[in-house]
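One-letter residues, chain by chain:
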Amino acid sequence: MMYQAPIFRLCEITGLRVDRTGERLIRANAVAAVVAFLIAVVGALLLVLTRWQTVHLLPAEWYYRILTLHGVNALIFWIVFFEIAGLYFGSTIVLNSPFCAPKTGWFAFGLTVAGFLLTNAMILSGQADVLMTSYVPLQAHPLYYLGIILFALGALVGVFLFFGNLMVARRAGTYGATLPLFTYGLAAAAIIAVITLVSGAIIYVPTLLWAMGVLPKLDAGLYKLVWWGLGHPAQQINVSAMVAVWYLAAYLTVGGISVNERISRIAFLLYILFICLASAHHLLVDPAVSSVWKVWNTSYAMYLAVLASMIHAFAVPASIEAAQRARGYTRGLFQWLAKAPWGNPTFSATVLAIIGFGFIGGITGVIYGMEQTNIIVHNTLGIPGHFKGTVVLGTTLTFMGITYYLIPLVFRRRIVGMGLARLQPWMFAIGIALLAVSMIGLGVLGVPRRHWDIGFSMAPFRYEFPAVADLLWVLFALGGLLAVLGALSWIGIVVASVFFGPRLQGAEDMPLPIATPVRTQHSTAGKFVAPGTFVLTLVFLVTFLVFFWLNWKWLAATWEVR
Amino acid sequence: MAATQEQEFPKVPLFRLLLDDVLLLLFLGVAIYAVSYLLWGVMEIASVAPFPEELKAQIVQQAGGGQ
Amino acid sequence: MSLQPPAEGWYETPVARDERSWVAVATVVCLCLYVWMIGWHIYGRQNPSSISYRIEPAEYMQLHTAWVPRYQIGEENGVPVVAPPPNSDVFLLGQMWRWAPVLVLQKGQEYTFHLASVDLLHGFSLQPVNMNFMVYPGYDYVLRFRPTETGEFTVVCNEFCGIGHHMMTGKIYVVESAAEIEHLRQRFQAPQQ
């Protein structure tokens, strides 16, 4: 095969050399991501209007079916397609480097698209009513499992291409010894992706064989253990990628850089080493595994990976604050925040995501994931409430935000509907926050997740949830509808811009400016570089402790169990 | 930035080398997860004891008596 | 710059006072969380047990069926009602789509629950107490419960188990003492309407 030298275009806005084939691969994966997201959002709308039993839109069979569809498209397809695009972006364009093997990239894309189509077809045809987790002995049609395997294979190839790109860039000396922080965060995500996808192969291949009748039996306990080695690390990829994008967004919107690169990188190191252990929090109230295994693993090794998140919780806003203070916004504790570019939808999306991920997703995540408090939340609506806070309000909103720069830079189009774009992060954030908090509240009342009828109208014994649940369901519906509006707005803007937006002529055409980096000076030792952020993190800590106290108090009020 | 220094080899701290080495990090991440979560978890599941015979016999016997 | 390699000397840059303090505080909190979980195992009254057995579904069904009649006091909605003695083994069965039997327990007494399924995964969700445990086919999860209040409690299934999942509920009654069990015996032996 003839070696084809990469063709570059010089980006007049950033000065970076852009490998054109690599850029086409980024675009292809980004488009696929949005298609998957649209399916997930339509599913979400149907589900919100079903769980809110005043409407109870879908019949039982279709509820469980669309729940499967929504879970797989939202938690896997949308996010992984977007991340592959991001991985390629971070390992080629950002590093001024070519794509190492474009043909393999297209092969990987073919695999992921084939898997995406096959899986969705099997779900919609009613042959995979097993929900995203597909807990054995629930069984779907073999082609459902094959679809997921194809997708995972394609994604794994994409991840290896990321590492390949890094090696090419390193050998060519385009970045020296140390990767830019954004790419470093993506590398952490890629490492976690390897863990995710290899675990997926270990579990889905035998499951496929079992569904085909080749394997006579599959142990339910083994399945759930290994499946969550795919299931939760998949979400930790999202965490690492999201944080990487936060640093990127801070840089683009206000010229922020990490106040201490060593500390930020150590935080990513802790993610790499320990974050995947906490898949154990899905098995805390399961038999077979011991409390010793549960406590060690669910704690991410003594909460070292949680420490990592807390480091980023300071470092990311601090990067914004330090840059703003260097610009002269030094009055009081929060002038830097008040005078920040709130009219920039990437900025607002990023800040809303940080707050939402931290306060809603993160706090519930840590406490729900403690061995004993899990007793009062497992399989209640609080669990999806938690992860709306992390993967939707956090990762998805972050990804939505950064597209307002990536569309001009990678697709070379202006944003169509900038006015709506400024509103969009707020619609989505407020909607999801309302949705998540009401789900958490309903979970406190014991309302089950993945359940079509909590009126138990066809059950031998009825149970009536407390009256306040009715109010929470209304808030749930309102939040859900607002979030769907926010999501559809984003999709509309993205599609209109990418396919019909006016072409970008040059740097002056950028709909959102790239901030000029500021020199944040001299020695920081012994100083407070981000006093406002420091106060905010303390507020966060207090909130966490309150929620901690509440949940352990509620646990202590239940029956004794040992 | 030049990839090689001919005059001096400044001593690079080991920890910094670790932080910069993506492939080593990949190995460590996979290894720690594989041992602590996967292997240990599989071992525990595989070693679950069978239901004790005495208890089973006791329950079944009592049932026979109770009829 | 996040898009560019870090500035020279990034590794040696001293950590600012606020970041240093925050990391120190966060580290202490993290270690405390870990110790807290371990401590609750020693001092707390709610802990998932580490006791489980491997058992074939057919075997468990046999055990359950053998055990139910011994302490049965009647029937409700077609489900046997069983009032086991304190400190004895209780064999709760989860199957598509019912929980059996209905239980009558005494407040303050401990019971050794066995939770197992004979088909798919189910979720034992006790309301309104809101205690939630997983129920597996092939595994017997042994949990010693001590009810701390009297009343009527519903067992909801909260793990998806097919199209009848939302119809799967059970019942547990907790009474003050053994005397009240007689009351319930009258109620559950009455002909069902």
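One can find the structure itself at the top, above this paragraph.
These notes cover the structure that comes with them. Since this is a predicted model, take the numbers as computed values, not measurements.

Looking at the interface of chain A and chain C
Between chain A and chain C, the residue contacts involve 110 residues of the former and 87 residues of the latter. Ranking the residues of chain A by area buried against chain C places Phe461, Trp559 and Arg562 of chain A at the top, with a combined share of 13%. The interface formed by chain A and chain C contains five salt bridges. Glutamate 560 of chain A is paired through a salt bridge with arginine 146 of chain C; the nearest N and O atoms lie 3.3 Å apart. The tally of links from chain A across to chain C stands at 39 residue pairs in polar contact (both at pLDDT 80 or more).

Focus: empty space enclosed by the protein
All names here are of chain A. Going through the model one piece at a time under the given rule, you end up with three cavities of 30 Å³ or more. Volume-wise, the largest cavity comes out at about 230 Å³. For the lining of the largest cavity, the elements supplying multiple residues, two or more each, are helix 2 (60-91), helix 4 (142-172), helix 5 (181-211) and helix 6 (220-254). Per element, the largest residue contribution to the lining of the largest cavity is six residues, and it comes from helix 6. Approximately 130 Å³ is the volume found for the second largest cavity. Along the wall of the second largest cavity there are 15 residues; nearest its centre are Thr14, Leu16, Phe89, Ile93 and Leu409. At the level of secondary structure, the elements contributing two or more residues to the lining of the second largest cavity comprise helix 6 and helix 12 (382-411). It is helix 12 that provides the largest number of residues to the lining of the second largest cavity, a total of three residues. The class makeup of the residues in the lining of the second largest cavity is twelve nonpolar, one polar and two charged.

A short note on unusual backbone geometry
Each neighbour pair has its own omega, and for alanine 100 of chain C with proline 101 of chain C the value is -5°, a cis peptide bond. With respect to the helices, strands and loops of the structure, proline 101 of chain C is situated in the loop between strand 5 (98-100) and strand 6 (102-106). With an omega of 5°, the peptide bond running from glutamine 127 of chain C to proline 128 of chain C counts as cis. Relative to the helices and strands, proline 128 of chain C resides in the loop between strand 8 (122-127) and strand 9 (131-135). Although it is not a glycine, asparagine 96 of chain A adopts a positive phi angle of roughly 60°. Here asparagine 96 of chain A shows up in the loop between helix 2 and helix 3 (102-124).

Some details on the interface of chain B and chain C
With 20 residues of chain B at the interface, the matching set in chain C holds 19 residues. When the two sides are added together, the surface that chain B and chain C hide from each other amounts to roughly 1700 Å², 66% of it contributed by carbon and sulfur. Taken together, the links from chain B to chain C amount to one salt bridge. Residue lysine 56 of chain B pairs with glutamate 59 of chain C through a salt bridge whose shortest N-O separation is 3.1 Å. Linking chain B with chain C are five residue pairs in polar contact (both at pLDDT 80 or more), by the criterion used here. Of all the secondary-structure elements, those providing two or more residues to the side of chain B that touches chain C are helix 1 (14-20), helix 2 (22-46) and helix 3 (53-66) of chain B.

What counts and how
- Residues numbered from 1 in each chain as written.
- Chains lettered and ligands numbered in written order.
- Predicted model: local features only at pLDDT ≥ 70, side-chain atom pairs only at ≥ 80, totals over all residues.
- Heavy atoms only, no water.
- Contact = heavy atoms within 4.5 Å.
- Buried area = accessible area lost by both parts, 1.4 Å probe.
- Salt bridge = Lys/Arg side-chain N within 4 Å of Asp/Glu carboxyl O.
- Polar contact = N/O pair within 3.5 Å; in protein donor to acceptor, adjacent residues only side chain to side chain.
- 1 Å grid on protein atoms, 1.4 Å probe; cavity = no way out; pocket = protein on both sides within 12 Å on 5 of 7 lines; lining within 4 Å.
- Points joined across faces, edges and corners; volume = space filled by probe spheres on them.
- Helix = DSSP H or I, 4+ residues; strand = E, 2+ residues; numbered from the N terminus.
- Nonpolar A, V, L, I, M, F, W, Y, C, P; charged D, E, K, R; others polar.

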